[in-house]
Every structure is written in C-alpha cells, then in structure tokens.
Amino acid sequence: MSTPNLILNVDSYKASHYLQYPPGAEYVSSYIECRGGEFPEAVFFGLQAFVREYLRTPIHMGDIDEAEEMLHSHGLPFHRAGWEHILQEHDGLMPVEISAVPEGTPVPLHNVMLQVVNTCPACFWLTSYIETALVRAIWYPVTVATQSRLIKKIIAGYLRETADSLDSLPFKLHDFGGRGASSLESAMLGGMAHLVNFRGTDTVSGLVGARRYYDEPMAGISIPAAEHSTMTAWGREREVDAYANMLDQFAGPGKIVAVVSDSWDLWHAIENIWGGVLKERVISSGGTLVVRPDSGEPVRIVCESIERLMRIFGASTNGKGYRLLPDFIRVIQGDGVDRHSIPKILQAMQDRGLSADNLTFGMGGALLQKLDRDLMSFAMKASAIRIDGEWHDVWKDPVTGPEKKSMRGRLALVENDAGEMETIRLEQLGERNNLLRPVYRDGQLLRETTFAEVRRRAEP
C-alpha cells in the first residue's frame, strides 16, 4: 500500500492559513506540550515512526493535483505555488526541522517535548500545516506509553512489598488490545508504545512496528492460550477433554499455557477439573498452567481464584511473608482491567496476604483504545515568527481559559539546578545543554534511536 498523500493529512481549515499570516513572514516556530491531565509526566515516543513512515517519502505532482482538486471541491483555497515550490526546490521533501527530546524520555507536564520550524522562508506556512499529522502521530503513542509506564510503577510497588524480586515485572501487563484498537496503524503504534515498558503482548502489529521503525527484531513474547470458542466447541459435557487437550498440546517442561476457565462455571473448573481430574497432570507437567477467569467482579474473582487454587495445590510463604502458589500454576486477569482496577486488585491481594507474583494482568481496550488527546491535554502551538528578518513572540492567553495559555518565543528544554526539566527561551540557553535535539531536517532522519534505547530511557 502506498503512503497516503501527505498534503491531505490535514484539517480542512489549514488549507487557507497560508493567506492569513502577516506580510514578510519567513519562519514560524511551533512546539508540542502536554498541558495537564492525570499523569504527572509524559513518555515521549513515536516521532521516529512518523518520520520513517511519512516524512522520508517525497510528494509528487500527482499528490498536488489530487489535493488541489479535492480541496477546491471542498470549498477551500489551495496553495499550489507553495507545494510546487516544495516539489521543485526541495525534491518533494518537507523543508522543516523537528527537534525533540530523545524518545523514551519522561517529560514533566507543561514542558516542550518537540519543536518544529520551517527551513525555507518561502514555506513559513508549512510549520502549522503539518500540525494535524504531527500531533496525531505523537499524542497517541505518548499517551499509551505513559499510561503503561504508570501501571508498571504501580505493579512494581506491590511486587516490592509482597514478592522476593522484580524479575516477573516485564511480563506483568500483557497487551490484549489489538482487536479493540480503531485501526491497524493504531494497534501498531499503541502496541509498540506498550512494549516500551513491558515484554508481553498479543498485538502482533506492535511487534511489526518496533521492528519496522525502531529496528527491534523481537520486542515481545506470548504463549499458547485458549479462547472461549476453542473450549466451548467441545461442549459442556466434554469440558474436561477440552482442558486436557490444552495440556496435551502445549504443556511440558519450561512451557507456559493459559486456559480461559469460566465458559460455564469457574469454580467447578478450579475445584473439580484443574484441582480434580487433571490435578496430577498440572503438577507433573514441568511447566506452568495459567488459569484465566474472564467474568465477574475482578477484585473478588482474582482473590477467590488464587485462594481456591492454594487450598488445592498448596502455597509457600515468601521472604516478605506473603503466600505464593507453586511455580506450576498462576492466574491471569484480563477482564475489567484498567489503570484504576489494577491497584484495587493488588491491594486486595496484599490485604489477604497474597503475593502480587501470583497474578498477571491482561489489558485490552483500556490499554490501546480508551484514550484520547485530552487525557494529557496535548497541544501544538506557534510560539515565534520571523518577519522581515526579526523574530517576534507568538502566544495566546485567553481570559476565558487561562489553562490554555501558550508559551512565547523559540524554546529550549534544560535541566535546572534542582535537576528538574525546565522550558526556557532559546536565547537564555547560554552554555547549558538543550535537551531538544534535531531529529529531522529537510527529508533526513538526523538522529536514529533503537527500541532498546527507548526502553532504557523510559525505565522508572
């Protein structure tokens, strides 16, 4: 499939903006920040994917013709001379420079993460024109990575209190969200954003994205797992056979298999099948059976499932004084899981003396889909314009919405004397290190990062 027409990757009103700037305009500098929301900081991620997918492919005359026909029919002017200039003078590549913090960097709210400015004075209008495409490419993977990292910190806290190590942490939140994402590209971007923090996923497109855009051969792993159709296809009267077949096909030394066990009666499955007919096979398999409840109130279901399994298979007490199932059996909860329910489940387990090591979470729509741009109040705003050789501040400060006040001037991001990130004016930089580094200029990816580097920077 060919790359979509970049000229049409835009909001309608942008097409008329080239006529709205003051005479003598040469350069426009804009920035992206998170202005608020539930999270105290944002994990910057996704720019390299956008550059590789969209900005290294030149536009051609057919793109210009198509955009002109569509936008004129749509009721808008079209800057054909401007786009032909880009085609003829810049080989169809976008004459802008994008500077940003290194991907994976957690950036506190109200700070610049990315800054973009045109590099050709004839294209002063282009900085704002690409806002739609650029913000859409950034807000989503940043938000997924940020939420995922917050959950990682929550789970890590409970592991520190109730488990002997953090060894299991990279696999404690499994991505179940692929089918619930709004598109294949969303699943790809969100899936790899989650993998910045964790290693478990069923969203294959996320693996493809990490390989394609960040050169990571294999960013995550999964295991054989049952769904309701493969269990109920045997019929209720042959539920034991369905579960036994899972052990026949996938159990063995060092192997892990997950089986959804509530198609009819979870408690019957735990007490009479896993803990009855198949008990010795579970114990002697040499691998790990992961029992998956998939209905009911999550806090109660998780705790009761673990405690029933403990009554059947036994439990040890770890060094922190919390009970732990034998290595051959665990539980995964994938129903009703989000950033709000996870700490409730883990706290209930802790209150009952159960180690967080007994449980893995699977997260679906809440991980990749129940998010929007307003969750972190993403915005891209112009902050400076050069007119006839002189830079001027550009900003907004609405009386009716002070929370939307924007920054002024060309910006830099530094680490202040307190060791905290701080946005300053570029002319105040002096000898300090600007954390915003040029990543893209005039069709070239200037600074490439690997997925391993992204993960290292994002580590809590």
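Our subject is the structure listed above.
Structure report, in brief. (Residues numbered from 1 in each chain as written. Predicted model: local features only at pLDDT ≥ 70, side-chain atom pairs only at ≥ 80, totals over all residues. Heavy atoms only, no water.)

Right, let's talk about the overall build of the protein for a bit. Along its length, the protein carries 15 helices and 18 strands. Sorting the 460 residues of the protein into buried and exposed places 55% on the buried side. Sequence-distant contacts, at least 24 apart, represent 76% of the contacts inside the protein between residues at least 6 apart. Summed over all atoms, the accessible surface of the protein reaches about 19,800 Å², with 49% contributed by carbon and sulfur. (Helix = DSSP H or I, 4+ residues; strand = E, 2+ residues; numbered from the N terminus. Buried < 20%, exposed > 50% of the residue type's maximum accessible area, 1.4 Å probe, protein only. Contact = heavy atoms within 4.5 Å. Areas by Shrake-Rupley, 256 points an atom, 1.4 Å probe, with all protein chains shown as cover.)

With respect to the helices and strands, T203 occurs in the loop between α6 (184-195) and α7 (204-214). At 3.2 Å, the side chain of T203 forms a polar contact with the backbone nitrogen of G178. Discounting residues that sit within four places of it in the chain, T203 has contacts with D175, G177, G178, A187, G191 and L368. (Polar contact = N/O pair within 3.5 Å; in protein donor to acceptor, adjacent residues only side chain to side chain.)

Turning our attention to unusual backbone geometry. Of note, the phi angle at D91 is positive, near 55°, even though the residue is not glycine. With a phi close to 50°, D442 is a non-glycine residue in the positive phi region.

Right, let's talk about the nonpolar core for a bit. Residues L47, W83, M94, L126, I155 and W274 are the most contacted members of the largest nonpolar core, which totals 141 residues. No other element matches the 15 residues that helix α5 (residues 131-162) contributes to this core. The residues contacting W83, other than those within four sequence positions of it, are I7, I59, I64, F78, M94, W125, L126 and Y129. (Core = buried A, V, L, I, M, F, W, Y, C linked by side-chain atoms within 4.5 Å.)

For the structure on display, the rule yields 25 salt bridges. Across the salt bridge formed by E448 and R52, the nearest N and O atoms sit 2.3 Å from each other. Separated by 396 residues along the polypeptide, E448 in the loop between β18 (444-445) and α15 (451-458) and R52 in helix α1 (residues 47-55) bring together distant segments of the chain. Ionic pairing is found between E68 and R80, a salt bridge with its closest N-O pair at 2.8 Å. (Salt bridge = Lys/Arg side-chain N within 4 Å of Asp/Glu carboxyl O.)

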